[in-house]
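Okay, here's what each chain looks like letter by letter:
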Amino acid sequence: MEYPSSLIEEAVNQISRLPGIGKKTALRLALHLLKQDELETTSLTAALAKLRKDTRYCSTCHVISHTTDCTCKTIKTDLSTICVVEDTPDVMAIQNTGQYHGMFHVLGGVISPIDGIGPDDVHIDTLVKRISASNGEIKEVILAISPTMEGDTTAFYITKKLKGLSVKISTIARGIPIGGELEYTDEVTLGRSIISRRDYHQD
Amino acid sequence: MYLEKLTLTNFKNYEQVAVSFNPKINCILGLNGAGKTNLLDAIYYLTFTKSAINSIDSQNIRHSENMSALVGSFIGEEELMVSCGLRTKQKKIFKVNKVELDKMSDHIGAMPLVMISPDDTGIIKEGSDARRKFVDGTLCQINKAYLNNLMQYNHQLKQRNNLLKNWPHGKPPDKDLFAAYDDQLCKLSKMIYQVRLNFMESYKPFFLAHYEDISSHKESVDLIYQSGVSIENYEKLFKENLQKDMLLQRTTMGVHRDDFILRMDDFLMKKIGSQGQQKSMVIAMKLSQFDYLKSKTGKTPLLLMDDIFDKLDDLRIEKLIKLINGEEFGQVFITDARPDRSQMLLEKYSMTANSYLVDKGQVTAI
Ligand SMILES: [Zn+2]
């Protein structure tokens, strides 16, 4: 496509690198920004720069927060259960159900050697340390990882790593798409599947 | 079920053709390179959602065009309008009765099909993967769960092999991580093994009967399923193989190593079979694939025979013609570069057939 200026072209190229945005949409967004007040664009770029610069991950649960210490330690939660999820949006989805009051642990991904992601690239070691350091206070680990092949492998691996620690391991009902498909999961269904979670079996 | 009408737009060497077919026998005649095989490949496309020859969709679009369309009207208990749209740099769109398919695999097996082509002797001559491909290609047409298990198995195998390949030299293996793959692979292996074993039980009698019928030789043939899964303590041995696997950087046990051994008088077919015997054997394998699919689905598969007369002597050609002309067979497509031979055979057996001449990208009924 021919663009009216190289400035537009550069903007389109950058915007279209975002997931789900093609060149046509990127051009529409760029032209939209040009039509608006200049302040709108500078606020946007400032917010994005700040997002990138100031975002921290809690060193305990790996949820996105302002500091490396989030509310996971201070807020009044059920300290006996910990829910293991792939990413921060999953935490939000599960919190929104209002059915879960325990702690979270964000893995930051699932194990997939063909994508170059090994066990050391996801936060499994901190999960094991967290549980063993709780001296028995954490009694149940809920695996809420998506039911893909990589999710299964990761769940299996985690249970192997938790062997020897006296925690109960459970999993939420299969077929509940979480992680990446949040918008399709209604809160009622997700909430119900957390209540009706069952013991994890390595069959 | 039979293909009543086929319309091609910018598919391979065809710019625009529309052909109506005979529900029984169709002879597609023309010089070598005229595009006879491409016509059969279009039919294959509509049943398997991909080409039998070139698996890269965009390369099946006519040269210097950017889109291609294939439409087939199939008549059976229900009428099926199957269409496939190909575009360069885009996902293909496959529709059945105007409803787009979510997954291509949903369509596989809806219309069983058997294709016999000159390259088939690879099943005998090549490595075990050619034979597994043949067996899997048959099973996937009738068993969705099998197709699904096989896809999962191949995916997890790829993961495990990748792990083996990239494991840092000298670092002891993470036993728990390998256990995660080993458990899943062993579980899937057992399910795949069981289906292949059951397949052999029903398939083998068809095969032995067809070989005896089609071959004029006195030799005895056999087909034996060989799988590491059948051995005792399979799962234990699989896991004990880790050291060896690390060294070789690939998984050395599992159903991806299965073989279907073809024997003649207690020798390996690929070692001693003559060309004629090998051809008879391949045709027997395909005809029994036909019988097997028919017995499992209750549907009569379409039969595509690409350029096979050249490879057979007159006696075997006549046997084959008599067979496909019988009631057991449904719609058949035959390509031949020698019109005189086909015409003679059609007349001799007073067959209900249509003939077509393929020339310069046109298909004309004659
Ligand atoms: Zn935290």
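Residues numbered from 1 in each chain as written. Chains lettered and ligands numbered in written order. Predicted model: local features only at pLDDT ≥ 70, side-chain atom pairs only at ≥ 80, totals over all residues.

1. Focus on the overall build of chain A
As a reminder, the rule being used: Labels follow the DSSP assignment, with helices taken as runs of H or I lasting at least four residues and strands as runs of E lasting at least two, numbered in each case from the N terminus. Our exposure labels follow a C-beta count within 10 Å of each residue's own C-beta, placed from the backbone: buried means 20 or more other C-beta atoms, exposed means 12 or fewer, and partly exposed covers the counts in between. Contacts here follow a simple rule: the backbone-placed C-beta atoms of the two residues must lie within 7 Å.
Scanning chain A for helices and strands turns up 7 helices and 7 strands. When the helices and strands of chain A are placed in sequence order, the string is α-α-α-β-β-β-α-β-α-β-α-β-α-β. Buried positions account for 28% of the 203 residues belonging to chain A. Taking all contacts inside chain A whose residues are at least 6 apart in sequence as the whole, residues at least 24 apart take part in 55%.

2. Let's talk about the domain arrangement of chain B
Where the parts come together, the accessible area they lose is often given as the size of the interface. Residue and element names in this part refer to chain B. Which entries qualify depends on this criterion: The start and end points of each domain follow an automatic or database-based domain assignment. Residues are grouped as follows: Ala, Val, Leu, Ile, Met, Phe, Trp, Tyr, Cys and Pro are nonpolar; Asp, Glu, Lys and Arg are charged; every other residue, Gly included, is polar.
Parsing chain B into structural domains produces domain 1 (1–111 + 299–366) and domain 2 (121–297). For domain 1 and domain 2, the distance between their C-alpha centres works out to 29 Å. Listed per partner, the contact involves 12 residues of domain 1 and 12 residues of domain 2. Counting residues per element, the side of domain 1 that touches domain 2 draws most heavily on helix H10 (residues 314–324), which supplies 3 residues. Split by residue class, the side of domain 1 that touches domain 2 holds 5 nonpolar, 3 polar and 4 charged.

3. Considering unusual backbone geometry
Residue and element names in this part refer to chain B. Although it is not a glycine, Thr-49 adopts a positive phi angle of roughly 60°. Checked against the element boundaries, Thr-49 lands in the loop between helix H1 (36–48) and strand E4 (67–75). Of note, Ser-64 is a non-glycine position whose phi angle comes to about 70°, a positive value. Assignment of secondary structure puts Ser-64 in the loop between H1 and E4. Ser-64 gets classed as exposed once you count the C-beta atoms within 10 Å, which come to 6.

4. Here's the deal with the pairing of strand E13 (residues 332–336) of chain B
Residue and element names in this part refer to chain B. Quick note on the threshold: Pairing between strands is defined by DSSP: at least two bridges between the two strands are required.
Burial of E13 is extensive: 5 of the 5 residues sit out of reach of the surface. The alternating pattern of E13 places Val-332, Ile-334 and Asp-336 on one face and Phe-333 and Thr-335 on the opposite face, and all of these are buried. Of the pairings in the sheet, the one linking strand E3 (residues 25–29) to E13 comprises 5 bridges and is parallel in character. The residue bridging Asn-26 from the neighbouring strand is Phe-333, located in E13.

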